[in-house]
Amino acid sequence: MDFYPTIWDVLHDGSIVGTSGTVPGTVRLDVSIEYLRERIVEPGETIQVTLISCTRFAYREYGAQDFTTDLSTIADLEPEFLSAELVDGLCTVHCADGILEVAAADGALKLDTGRGVALSELIEVANAYWNERS
């Protein structure tokens, strides 16, 4: 399973609430997704998504003409993930209020406690949540 676009689909309804790093380079996102985070035993509020070798990280609100690449501005807008698709190395993340474009070589996950999390573990937590709701 590929990290992209899978991670964005797993974090469905999550929002970026913090950012750090540089493009090109490594970018860290703090993602608030209460319904998943509360199902993980360790205390905390966010899941940290690290975009490794990130060459594009840009967000455009619906109705706006231009994308912003300023990490702080994007965090302030708190884009909420709905779905994603990967085409020719560019991941387009459809958000509640706009489009997020991400191009990165790989990714990693951690809890805000510092413990690393495998994508497969997060998928299991998400699947359990959605199965209970259906």
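Before reading on, note that the structure itself is shown above.
Predicted model only: the values in this text are computed from it and were never measured.

Caption draft 1: Layout of the nonpolar core. By size, the foremost hydrophobic cluster in this structure holds 40 residues, and its most contacted members are Trp8, Leu11, Leu51, Phe57 and Leu122. Apart from residues lying up to four places away in sequence, leucine 51 is in contact with Tyr4, Trp8, Gly25, Thr26, Val27, Leu29, Phe57, Val102, Ala104 and Asp106.

Caption draft 2: Looking closely at the side chain of serine 15. Within the secondary structure, serine 15 is located in strand β1 (residues 15-21). In this structure serine 15 comes out as buried when scored by relative accessible area, which is 13%.

Caption draft 3: Just the pattern of salt bridges, in detail. In this structure the tally under the stated criterion is six salt bridges. Here arginine 39 makes a salt bridge to glutamate 132, at a shortest N to O gap of 2.9 Å. A residue pair is termed long-range when its members are at least 10 positions apart, and arginine 39 in the loop between α2 (34-37) and β3 (46-61) and glutamate 132 in helix α4 (residues 119-133) qualify at 93 residues. For glutamate 132, a relative accessible area of 57% translates into the label exposed. For glutamate 121, the salt bridge is made with arginine 115, and the minimal N-O distance between the two is 3.1 Å. A single salt-bridge network, built from bridges that share partners, covers Glu42, Arg115 and Glu121.

Caption draft 4: Looking closely at the pairing of β1. As judged from the six bridges shared by β1 and strand β2 (residues 25-32), these two strands associate in the antiparallel manner. Counted as the bridge partner of isoleucine 16 is valine 31 from β2. Where β1 folds back onto β2 in an antiparallel hairpin, the turn is made up of three residues.

Thresholds, definitions, all that
- Residues numbered from 1 in each chain as written.
- Predicted model: local features only at pLDDT ≥ 70, side-chain atom pairs only at ≥ 80, totals over all residues.
- Heavy atoms only, no water.
- Core = buried A, V, L, I, M, F, W, Y, C linked by side-chain atoms within 4.5 Å.
- Buried < 20%, exposed > 50% of the residue type's maximum accessible area, 1.4 Å probe, protein only.
- Contact = heavy atoms within 4.5 Å.
- Helix = DSSP H or I, 4+ residues; strand = E, 2+ residues; numbered from the N terminus.
- Salt bridge = Lys/Arg side-chain N within 4 Å of Asp/Glu carboxyl O.
- Pairing = 2+ DSSP bridges.

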